[in-house]
Amino acid sequence: MAAPDLFRRRRGKGSLTIAGGRVIDPQNGIDKKADVVIENGRVARLESGKRLTDKQIEAGRGVLDARGRVVCPGLVDLHVHFREPGREDEETVVTGSMAAVAGGFTTACCMPNTEPAIDRQEVVQFIYYQAEQAYCHVYPIAAITMERKGDLLTEIGELKDRGAVAISDDGSPVPTAAVMRRALMYAKQFDLPVASHCEDPTLAAGGAMHEGYVSTRAGIMGIPALAEELMVAREIELAGETGGHAHICHVSTARSVSLIRDGKRRKVHVTAEATPHHFSLTDELIPERFDTNLKVNPPLRTRADVRAVIRGLQDGTIDCIVTDHAPHAPEEKELEFDHAPFGLIGLETALPVAIAELVTTGKLTLPALIELMTSRPARVFALDAGHLSPGAVADVCVFDPEPVYEFEPGRFFSRSQNSPFCGRAVQGRICQTVVEGVVVFDRQR
Ligand code: DOR
Ligand code: ZN
C-alpha cells in the first residue's frame, strides 16, 4: 500500500535527540528513562535525568518526543525474502525495506531464493546496489549451491568478499550430507554461518501442512515433524564434526528444540531462529478457515510444538526471532490449499504479535523479547547492529507498547498482503524507525 508521506529516504546521516522514552538496550543491560543523543548517524550518548523539560521536548527541533514510548535498538531480521531479482511484482528490496521499517526493523538479511539465485558475485553486488535506495540496511545471504540445486558449491570466499553475511539454500534443503559437510568446512574458513532449511525432501514430498490428526481429518497431505528433525540432527552432527557454524532456520517442532539444546550442551557451533507464526499459530487453524496464508514451510505445528518453541526462546536454545517474511502474489495464494505456495508476510506484524503472545502472557519480559530481536540476531550473523552503545550506528525503533488492536487486510506496506494475522488481537505499535539518525518511518507524519 502506498502512503509515501510516512516514509523518508535515507539521505546522509542524521543528528537527533530521542527524548523522554523508556530506553531498553539489552546488550548493555539498560532499561531506564533516558534521552538518546544521536550525532552524525551514530549514538553519541544516553542522558538520563531530566535534561530536556516537557516544554523543550514539545518545541524542540531535532527532538523526537518519545514520552510514554519504548526506545530500543532497531530490530534485526536474519531471514526475509525480498524477491528481487525476479519477482518484483511480489516485493523488491525497496518495498521490502518499507515493510521492514514500518515494523521497526532497521536491518534485514535477504534470502537467495530469487530468480536468478544469489549465487554469484554479480548478484550479491546487485542486492547492494538496490539496497542503496532502501529505507534500512539490507544484506544479502548467498546460496550454498549453484542455482540452489544442491550439488555444486558456490564460490563462498568470493561471495563473502562481496558482502554476503551468510550462506543458505533456504526454500530448499541441501539434500545430501556430503554437500552440506563440504559447505560447513568451506564456510568455516571464511567465518560464515551456514543457515539450513531443515527438511528431508523424501519425507516432506507432497505435503501441504503438518502431518497429524488435523491433516488426516482435513484430508490434506502432511509433512511429518520428522522431515525437519532428521535434518536438524544431521546439521548438528556435521557442525560438530567440521567445526563449522550451522544456523537452524525457522525451528518448528519440539524435538528440533531438544536436539539443538543438546547440541549446544555438547558445545557444537549451532544457532537457531524461530518465527512469530511458529510460536503463536497451530495447525488447528487450517481446517477452520482453509486460509492459504496459513500455509508455510515448515508448517504450523501442534500446541505442544508451540510450547516447546517458546521454551526454547526462554532458555536461550533458540537464539533469535526472525520473520521469514515471504511475500506471494494474490493470484498464487488464491489457489486451493494444496496448490498455493508456502509463505506469509511477517515484517509488519512481528513485534506486535510477539508482544501479545510472549510478553502480555508473561512468558518473556519486554527486554528479553527485544534482546531476541536485536543484539542476539546481530551476534548470530556477526552484524554491527542491535545495540545503543556510544559510537554505535544510530538505528533505533520507537514504539508504543500499550495499544491492543488488529491488523486490517490490505493495509500492509509490503507489496504483498499475504498475512494470516489480520483480525487477531496484537499489542504494541511502531511509532518511528530511525536509521543512521534519520527518521525513515514516522506514523505520526
Ligand atoms: O514458507 C516459506 N516460504 N518457507 C520457505 O522455506 C520459503 C519461503 C518462500 O520463499 O516463499
Ligand atoms: Zn525463508
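Residues numbered from 1 in each chain as written. Chains lettered and ligands numbered in written order. Predicted model: local features only at pLDDT ≥ 70, side-chain atom pairs only at ≥ 80, totals over all residues. Heavy atoms only, no water.

Q: Looking at this structure, how should I read the overall build of the protein chain?
A: Helices and strands together make up the secondary structure of the protein chain, namely 16 helices and 18 strands. By the compact-globule yardstick of 22 Å for 445 residues, the protein chain fits well, its C-alpha radius of gyration being 21 Å. Projected onto its principal axes, the C-alpha coordinates of the protein chain cover approximately 65 × 50 × 45 Å. Looking at the protein chain as a whole, 63% of its 445 residues are labelled buried. The contacts of the protein chain with a sequence gap of at least 6 include a subset with a gap of at least 24, amounting to 76%. (Helix = DSSP H or I, 4+ residues; strand = E, 2+ residues; numbered from the N terminus. Rg over C-alpha atoms; globule rule 2.2 N^0.38 Å. Buried < 20%, exposed > 50% of the residue type's maximum accessible area, 1.4 Å probe, protein only. Contact = heavy atoms within 4.5 Å.)

Q: Please clarify how the nonpolar core should be interpreted in this entry.
A: The nonpolar side chains of soluble globular proteins are, as a tendency, buried together. Ranked by size, the top nonpolar core spans 83 residues in total, and within it F7, V138, L313, L358, L369 and F399 carry the most contacts. Not counting the four nearest positions on each side in its chain, L313 is found in contact with A274, F279, I318, C320, I321, L358 and L372. The next biggest cluster of nonpolar side chains, apart from the first, holds 20 residues, and it includes V214, L294, V296 and F412. (Core = buried A, V, L, I, M, F, W, Y, C linked by side-chain atoms within 4.5 Å.)

Q: So what exactly am I meant to see when it comes to the coordination of the zinc ion (ligand 2) here?
A: Four donors placed tetrahedrally about a metal ideally form angles of 109.5 degrees, and six donors placed octahedrally ideally form angles of 90 or 180 degrees. Coordination of the zinc ion (ligand 2) by the protein is provided by H79 (NE2), H81 (NE2), D170 (OD) and D324 (OD), with metal-donor distances spanning 2.0 to 2.3 Å. One can describe the site at the zinc ion (ligand 2) as irregular: its four donor atoms subtend angles covering 84 to 172° at the metal. On the primary sequence, the residues serving as donors to the zinc ion (ligand 2) are separated as H-x1-H-x88-D-x153-D. One end of the pair, H79, is in strand β6 (residues 75-80); the other, D324, is in the loop between β15 (320-321) and α13 (330-333), and 245 residues separate them in sequence. Side by side, H79 and D324 carry an identical accessibility label, which is buried. (Donors = N, O, S within 2.8 Å, 3.2 Å for Na, K, Ca; no water. Tetrahedral: all angles 85-135°; square planar, octahedral: opposite > 155°, others 65-115°.)

Q: Is there a simple way to think about the site of ligand 1 in this case?
A: With respect to spatial proximity, 13 residues lie near ligand 1, and among them R83, N113, H197, N297 and H328 are the closest. Between an oxygen atom of ligand 1 and a side-chain N or O atom of N113, the distance comes to 2.8 Å. Between F342 and ligand 1, the recorded distance is 3.1 Å, taken from a backbone N or O atom to an oxygen atom. Within the complex, the protein chains bury 93% of what would otherwise be the 290 Å² of accessible surface of ligand 1. Residue composition of the shell around ligand 1, grouped by class: three nonpolar, seven polar and three charged. (Near = heavy atom within 4 Å. Polar contact = N/O pair within 3.5 Å; in protein donor to acceptor, adjacent residues only side chain to side chain. Areas by Shrake-Rupley, 256 points an atom, 1.4 Å probe, with all protein chains shown as cover. Nonpolar A, V, L, I, M, F, W, Y, C, P; charged D, E, K, R; others polar.)

Q: Please explain the packing of aromatic side chains as it appears in this structure.
A: Each pair of aromatic rings is reported with the distance of its centres and the angle of its planes. Tallied over the entire structure, the rule returns seven aromatic pairs. Measuring from centroid to centroid gives 5.1 Å for F7 and F413, while their planes differ by 85°, and the two rings are edge-to-face. Note that F7 is positioned in the segment before β1 (16-25) and F413 in the loop between β16 (396-406) and β17 (425-435), a separation of 406 residues in sequence. Considered together, F7 and F413 belong to a single accessibility category, that of buried residues. (Phe/Tyr/Trp six-rings, centres within 6.5 Å; stacked < 30°, edge-to-face > 60°.)

Q: Got a minute to help me understand the pairing of β6 in this structure?
A: Look at any regular strand and the pattern is simple: side chains alternate between the two faces of the sheet. Burial analysis of β6 places six of its six residues in the buried class, which makes it a mostly covered element. Pairing of β6 with strand β7 (residues 105-110), which is carried by four bridges, proceeds in the parallel orientation. Each bridged residue has a counterpart across the sheet, and for D77 the counterpart in β7 is A108. For the handedness criterion, the β-α-β arrangement of β6, helix α2 (residues 93-102) and β7 is classed as right-handed. (Pairing = 2+ DSSP bridges. Right-handed = clockwise from strand over helix to strand, strands pointing away.)

Q: Would you mind going over the environment of A394 with me for this structure?
A: Looking at the element boundaries, A394 is found in the loop between α16 (375-380) and β16. Assessed through its relative accessible area of 0%, A394 is described here as buried. Each C-alpha atom, one on A394 and one on Q432, is 13 Å from the other, the two residues being 38 residues apart in sequence. When near neighbours in sequence (up to four residues on either side) are disregarded, A394 contacts I38, G41, R42, V43, V434, V435, E436 and G437.

Q: I keep staring at the pairing of strand β14 (residues 270-274) and nothing clicks. Help me out?
A: With five of five residues buried, β14 is to be regarded as a mostly interior element. A two-sided burial pattern is seen for β14, the buried positions comprising V270, A272 and A274 on one face and T271 and E273 on the other. Here strand β13 (residues 246-248) runs beside β14; their pairing, made up of three bridges, is parallel. Bridge pairing in β14 places H247 opposite T271. Regarding the hand of the β-α-β motif, the stretch spanning β13, helix α9 (residues 254-265) and β14 is right-handed. Sheet analysis places β14 next to β15, joined by two bridges and oriented parallel. Paired with A274 across the two strands is I321, which belongs to β15.

Q: Help me out: how do you make sense of the pattern of salt bridges in this one?
A: Oppositely charged side chains can form a pair if their charged atoms are brought close together. Throughout the structure, instances matching the rule amount to 24 salt bridges. Between D315 and R261 there is a salt bridge; the shortest N-O distance is 2.9 Å. Of this pair, D315 sits in helix α12 (residues 303-315) while R261 is found in helix α9, placing the two residues 54 residues apart along the sequence. Residue class for D315 comes out partly exposed when judged on its relative accessible area of 44%. The partner of D291 in a salt bridge is R289, with the nearest N and O atoms 3.6 Å apart. With a relative accessible area of 18%, D291 lands in the buried category. Residues joined by salt bridges that share partners form a network here, namely R83, R87, D89, E90 and E332. (Salt bridge = Lys/Arg side-chain N within 4 Å of Asp/Glu carboxyl O.)

Q: Please explain the packing of helix α5 (residues 177-189) against helix α8 (residues 225-242) as it appears in this structure.
A: In a packed pair of helices, the relevant descriptors are the angle between the two axes and the axis-to-axis distance. The N-to-C vectors of α5 and α8 enclose an angle of 45°; their axes lie 10 Å apart at closest approach. When the axes of α5 and α8 are compared, the pair comes out oblique. In the packing of α5 onto α8, the handedness of the crossing is right-handed. For the pair formed by α5 and α8, the contact residues are A177, M180, R181, L184, M185 and K188 on the first element and R234, E235, L238, A239, E241 and T242 on the second. The residue inventory of the contact of α5 with α8, partitioned by class, reads six nonpolar, one polar and five charged. (Axes fitted to C-alpha atoms, helices over the stretch in contact; angles between N-to-C directions. Parallel < 35°, antiparallel > 145°, perpendicular 65-115°, else oblique. Left-handed = near helix turned anticlockwise from the far one by under 90°.)

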